[in-house]
Amino acid sequence: QVQLVESGGGLVQPGGSLRLSCAASGRISYINYMGWYRQVIGKERELVATITSSSTTTYTDSVKGRFTISRDNAKNTVYLQMNNLKPEDTAVYYCNINSLVPAQGLYDYWGQGTQVTVSS
């Protein structure tokens, strides 16, 4: 049914850049917001950035000024531009859609995850 396909991860040197993309397919009744999370095995999942239908954005303090979230409604895709990457940014990044399902309430859809490794 609803699927989120991520791409753009990889290995990059400190100070480099990557752009993650997440393309959504299937029918979603209503999208409250889209976001990007990241997680290192053994640690809690961390919210990185969100963007609402009105294009309001939020960022966790550690990425402000370096990361930018955006969306392309025509392509049904959300992006995360990551600049000046640091080793502590290394994680698996997950795309998220928080939706409202009629008669069921809020529901989260997740991408498969894409690995970002920042190292020399």
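**Things to note about the overall build of the protein**
So, point 1. Helix and strand content of the protein: zero helices and 11 strands.
So, point 2. Reading the helices (α) and strands (β) of the protein from amino to carboxyl end gives β-β-β-β-β-β-β-β-β-β-β.
So, point 3. Taken against the 2.2 N^0.38 rule, which gives 14 Å for 120 residues, the C-alpha radius of gyration of the protein at 14 Å falls within 12% of a compact globule.
So, point 4. C-alpha extents for the protein along the principal axes are approximately 50 × 30 × 25 Å.
So, point 5. Buried residues in the protein amount to 39% of all 120 residues.
So, point 6. Taking contacts inside the protein between residues at least 6 apart in sequence as the whole, the part at least 24 apart equals 53%.
So, point 7. Taken as two groups, the 10 positive and 8 negative side-chain charges of the protein have centres that lie 5 Å from each other.

**Some details on the sheet that holds strand E1 (residues 3-7)**
Strands belonging to one sheet form pairs held by backbone hydrogen bonds; the direction of such a pair is parallel or antiparallel.
So, point 1. Taken in spatial order, the four strands make up an open sheet running E1-E3-E8-E7, and their pairing is antiparallel. In the strand order of this sheet, the two ends are held by E1 and strand E7 (67-72), each with one partner. Averaged over neighbouring strand pairs, the angle between their axes works out to 15° when direction is ignored.

**Things to note about the nonpolar core**
So, point 1. Among the nonpolar cores identified, the biggest contains 29 residues, and Trp36, Leu80, Met82 and Tyr93 are the most heavily contacted of them.
So, point 2. Elements supplying a minimum of two residues to this core: strand E3 (18-25), strand E4 (31-39), strand E5 (46-52), E7, strand E8 (77-82), strand E9 (91-101) and strand E11 (114-118).

**Some thoughts on a nonpolar patch on the surface**
So, point 1. Among the surface-exposed residues, Tyr30, Leu100 and Leu106 lie close enough to one another that they form a single nonpolar patch of about 310 Å² accessible area.
So, point 2. Among the structural elements, Tyr30 can be located in the loop between E3 and E4.
So, point 3. Judged by its relative accessible area of 42%, Tyr30 falls in the partly exposed class.

**Section: the environment of Thr90**
So, point 1. Mapping Thr90 onto the fold places it in the loop between E8 and E9.
So, point 2. Dropping the residues within four chain positions of it, Thr90 is found in contact with Val40, Gln115, Val116, Thr117 and Val118.
So, point 3. A distance of 3.0 Å separates a polar side-chain atom of Thr90 from the backbone nitrogen of Val118.

What counts, and at which threshold
- Residues numbered from 1 in each chain as written.
- Predicted model: local features only at pLDDT ≥ 70, side-chain atom pairs only at ≥ 80, totals over all residues.
- Heavy atoms only, no water.
- Helix = DSSP H or I, 4+ residues; strand = E, 2+ residues; numbered from the N terminus.
- Rg over C-alpha atoms; globule rule 2.2 N^0.38 Å.
- Buried < 20%, exposed > 50% of the residue type's maximum accessible area, 1.4 Å probe, protein only.
- Contact = heavy atoms within 4.5 Å.
- Lys, Arg positive; Asp, Glu negative; His and termini not counted.
- Charge placed at Lys NZ, Arg CZ, Asp CG, Glu CD.
- Pairing = 2+ DSSP bridges.
- Axes fitted to C-alpha atoms, helices over the stretch in contact; angles between N-to-C directions.
- Core = buried A, V, L, I, M, F, W, Y, C linked by side-chain atoms within 4.5 Å.
- Patch = residues over 30% accessible without salt bridge, like charges linked within 9 Å, V, L, I, M, F, W, Y side chains within 5 Å.
- Areas by Shrake-Rupley, 256 points an atom, 1.4 Å probe, with all protein chains shown as cover.
- Salt bridge = Lys/Arg side-chain N within 4 Å of Asp/Glu carboxyl O.
- Polar contact = N/O pair within 3.5 Å; in protein donor to acceptor, adjacent residues only side chain to side chain.

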